Amino acid sequence: MQSFSEVKKFGTAPVFFTAISTILGAVMFLRFGFAVGNVGFLGTLAIILIGHAVTIPTAMAIAEIATNQKVEGGGEYYIVSRSFGLVIGSTIGIALYLSQAISVAFYIIAFTEAFTALFAWIMHTYLLPPWLIWLLEQKQTIGIPALLGLTYIMLTKGADLGVKTLYAVVATLGIALLAFFVGQTDYAKNTDFDPMATVTDAAKMEEPQMIGLTDTTTTTTTTTVVPLKDTTDAGYHGPVIGPAPATPPPAPPASPLIPIGFFTVFAIIFPAFTGMTAGVGLSGDLKDPGRSIPLGTMAATLTGMCIYVFIAYQLAASASPVALADTSKLVMADIAWQGWWLIPIGLAAATISSALGSIMVAPRTLQAIARDQIFPTPKINEWLSEGKGANDEPFNSTVVTVAIAGAFVLMGALDMVAQVISMFFMVTYGSLCLISFLNHFAADPSYRPRFKSHWVVSLFGALACFGLMFFMESSYALLSIVAMLGLYFAITQWNKDKRSVALIFQGVIFQFSRQLQVFLQKAEKEQARSWRPSAVAVSEHSFQRLGAFHLLRWIAHKYGFGTYIHQIHDYLSRETNQQAHECKERLIEMAESSNSNIYIDTMITPSYTAGISQVIQLPGIAGTENNLLIFEFSKNNPSELDNILDNFKLIKSVDFDIVVLGTSERGYGLKQEIHIWITASNYQNATLMILLAYIIMGHKEWRHAQIKIFAVYPEDTIEEERNRLFLLIQAGQLPISPNNIEFIVRTQDTNTDSIIVQKSRDADLTLVGFRTEAVDRKGKVVFEGYESIGNMLFVNTASQKEIK
């Protein structure tokens, strides 16, 4: 039995023909003359160039990505989902799939236009019963059988027969285009070529709406001329081409030609340039996707652009602007050699090939999405992802695609839906260009494509896609964005386990962070007197005592930056390294569950001193130098204080502000009151304590808290200190009420520690300053005696802070 990889036998040709047959599709036959008539030859060239300013970067992006990684089944969806991650990728993928599925219906309805002239001739030539006339007027008369025929091909023969059929229709399309290019008209012989002529100019001259066409190989025939008329009018039976019937039908009253703006024409014509990514959907069936996709896609894009330039010239040279702008006529049929039958056949070939390409690609996109387990239930994913036969044909996904297409074929009119589809395609193309640009910016060594475009081209393509969405039709652009957001939130709810940051975004963030930090380091820094905390918390009891962890996340929530270091006192080995990794993952989960803005890391060190020496040399995570160290100890077991005090001189050698958190069983209590104690001996710590209290209150968990200040001064200076403190609070606009400031007279027999214990016994956090000299003289006694109250924060500032 052949393996699955052995049956992937397609080369570059199916990619090229699938793309080119989609590019040279229905819009080329039905609306390209309309564009030339409204904006002229030069305006149409501008539309072609602007349109390909999107499609060429997209084709280059696909070529680049496909030569870097193996593109599996699903084509564009596979590229987007493996680059942006499954949640964002599947959001774009579902929108892409819907646009592909609805495109099948769009092309089927366009395919029915090939029979409109024949049916009109029959109805005007023969006397038919009313029910038959009604039936011939319906697009579904041909559309539904055509859709069923395509369904039969895909369900019974799969992509193999689909590709063989594709070769036949592309050959027919080529013959029709050749007939168009060799055709000549009396207008071309008798009128000088004017590249700027438009229907507006012709309307001013009151030019008659007729061409006067002559077949180059047959005798002159009379062609019925129909004034501009909306094809959706009830009395319209389709464009009348070829030899006129014996008794021509009476012409309906003429309606005035209304000039149409450039970007409106662009919006109508742009789908003609899309489709260059259609062949990417066959990636799962290709021998070498890395070669076939870039070669076939780029060749189809450039070939299509050249053909459209020649078509625009032939149209402008062969027919008047008024005749070209008349959407009721298949003007290409009047220009082409034997156009009365070759062009309708070419239209049929172009539309059926586009529908065939879409119906080959769309089910594979849906199958790939289901295999990523994106849909809400496993049964749906399993049913949609099921393949049939050795080629793994997406049988069930094809059934769903045909059902969606059939529903829109029954609706009959797709003008509004087609514009929304164009928006979804623009989102896809913009995403592909953005992926290429982000890969360039991320500079990942694993991104080594054989074909490489310049990052400027990719960025331009992405911006052009998203900008042109609003130029084409802002309302549809907004509708598309709302739909994409709705899909994103729905998929997020269905797949809560897939919400990781994609590697491409991680790479971009790393590069941006690196560039930003290098810039900040090189930039001349302003010596600002305002203070912003860049704190590092160190603890070896991270999972037993959470006090330091919570304190750091409150400080880093809004105003500051925080790095949390979990110390492991041991020698570095494979076992301790694995232990450090596990601890880091646990801490990251804690940070995520508490919505923290802190950076987590672990440090293996044989001694406390060695660990501290490493910590005080750590670079700041925000491009600023660290300026605040946070240590912690348990007031019930203050043995950790010995390590802190033994290394106090080492810590002070780098002029860091230091806070030592003494934790208790009460913890942070109700988070209602923060007490600050200021004395004459440690007044220089007062501003830092006030700033820390204010920063902590910026967290939502402390939003109902209030700050109370207790100032202990000798009686002879207490009035002076009162005025100074009030002025400090008023100038700094701090949320501290004067009623919450209490001044306590200190006498010779006053025991400040006992007053603190008495006044702050119900406080949720108490801040007390301490001096380096006191630590040198008294040691750990400075931090003892407060066991009966809640958490204490001992503060020592390297320099007095200014509150502005």
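Whatever comes next refers back to the structure up there.
Conventions and cut-offs
- Residues numbered from 1 in each chain as written.
- Predicted model: local features only at pLDDT ≥ 70, side-chain atom pairs only at ≥ 80, totals over all residues.
- Heavy atoms only, no water.
- Helix = DSSP H or I, 4+ residues; strand = E, 2+ residues; numbered from the N terminus.
- Buried < 20%, exposed > 50% of the residue type's maximum accessible area, 1.4 Å probe, protein only.
- Areas by Shrake-Rupley, 256 points an atom, 1.4 Å probe, with all protein chains shown as cover.
- Pairing = 2+ DSSP bridges.
- Salt bridge = Lys/Arg side-chain N within 4 Å of Asp/Glu carboxyl O.
- Phe/Tyr/Trp six-rings, centres within 6.5 Å; stacked < 30°, edge-to-face > 60°.
- Lys NZ or Arg CZ within 6 Å of the ring centre and 35° of its normal.

1. Here's the deal with the overall build of the protein
Right, so step 1: When helices and strands are counted, the protein shows 29 helices and 10 strands.
Right, so step 2: The buried share of the protein, taken over its 804 residues, is 54%.
Right, so step 3: Carbon and sulfur atoms make up 59% of the accessible area of the protein, which totals about 35,900 Å².

2. Overview of the pairing of strand β4 (residues 628-634)
Right, so step 1: Of all 7 residues making up β4, 7 are buried, and the element is well covered by its neighbours.
Right, so step 2: Taking every second residue as pointing to the same face, both faces of β4 are buried, with Leu628, Ile630, Glu632 and Ser634 on one and Leu629, Phe631 and Phe633 on the other.
Right, so step 3: Where strand β1 (residues 534-539) lies against β4, 3 bridges are found, and the strand directions are parallel. Note on β4: the bridge partner recorded for Ala537 is Ile630.
Right, so step 4: Inspection of the sheet shows β4 paired to strand β5 (residues 657-663) by 7 bridges, in the parallel sense. When the bridges of β5 are listed, Phe633 appears paired with Gly662.

3. Observations regarding the pattern of salt bridges
Right, so step 1: Tallied over the full model, the rule gives 12 salt bridges.
Right, so step 2: Notably, a salt bridge pairs Asp764 with Arg666, separated by 3.5 Å at the nearest N-O pair. With Asp764 in the loop between α28 (752-759) and β9 (765-769) and Arg666 in the loop between β5 and β6 (673-679), this residue pair connects regions lying 98 residues apart in the sequence.
Right, so step 3: Taking relative accessible area as the criterion, Arg666 reaches 37% and is therefore assigned partly exposed.
Right, so step 4: Between Glu719 and Arg722 there is a salt bridge, with the nearest N and O atoms lying 3.6 Å from each other. Of the two residues, Glu719 and Arg722 are both situated in helix α27 (residues 718-731); the distance of 3 residues between them amounts to about one turn of the helix.
Right, so step 5: Arg722 sits in the partly exposed class, given a relative accessible area of 26%.
Right, so step 6: One connected set of salt bridges, linked through shared partners, spans Arg545, Glu632 and Glu640.

4. Let's talk about the packing of aromatic side chains
Right, so step 1: Considering all chains together, one arrives at 29 aromatic pairs under this definition.
Right, so step 2: Between Trp554 and Tyr668, the ring centres sit 4.6 Å apart and the planes meet at 75°, which makes this aromatic pair edge-to-face. Within this pair, whereas Trp554 is found in helix α21 (residues 547-555), its partner Tyr668 is found in the loop between β5 and β6, the two being separated by 114 residues in sequence.
Right, so step 3: Assessed through its relative accessible area of 7%, Tyr668 is described here as buried.
Right, so step 4: Both rings, one in Trp554 and one in Trp702, keep their centres 5.3 Å apart while their planes meet at 85°; by these two values the pair is edge-to-face. Of this pair, Trp554 sits in helix α21 while Trp702 sits in the loop between α26 (686-696) and β7 (706-714), and the two are 148 residues apart along the sequence.
Right, so step 5: Judged by relative accessible area, Trp554 falls into the buried class, the value being 1%.
Right, so step 6: Pairwise contacts between aromatic rings join Phe32, Phe262, Phe263, Phe266, Phe270, Phe273, Tyr308 and Phe471 into one cluster.
Right, so step 7: Here the basic side chain of Arg722 rests over the ring of Phe743, its NZ or CZ set 4.6 Å away from the ring centre.

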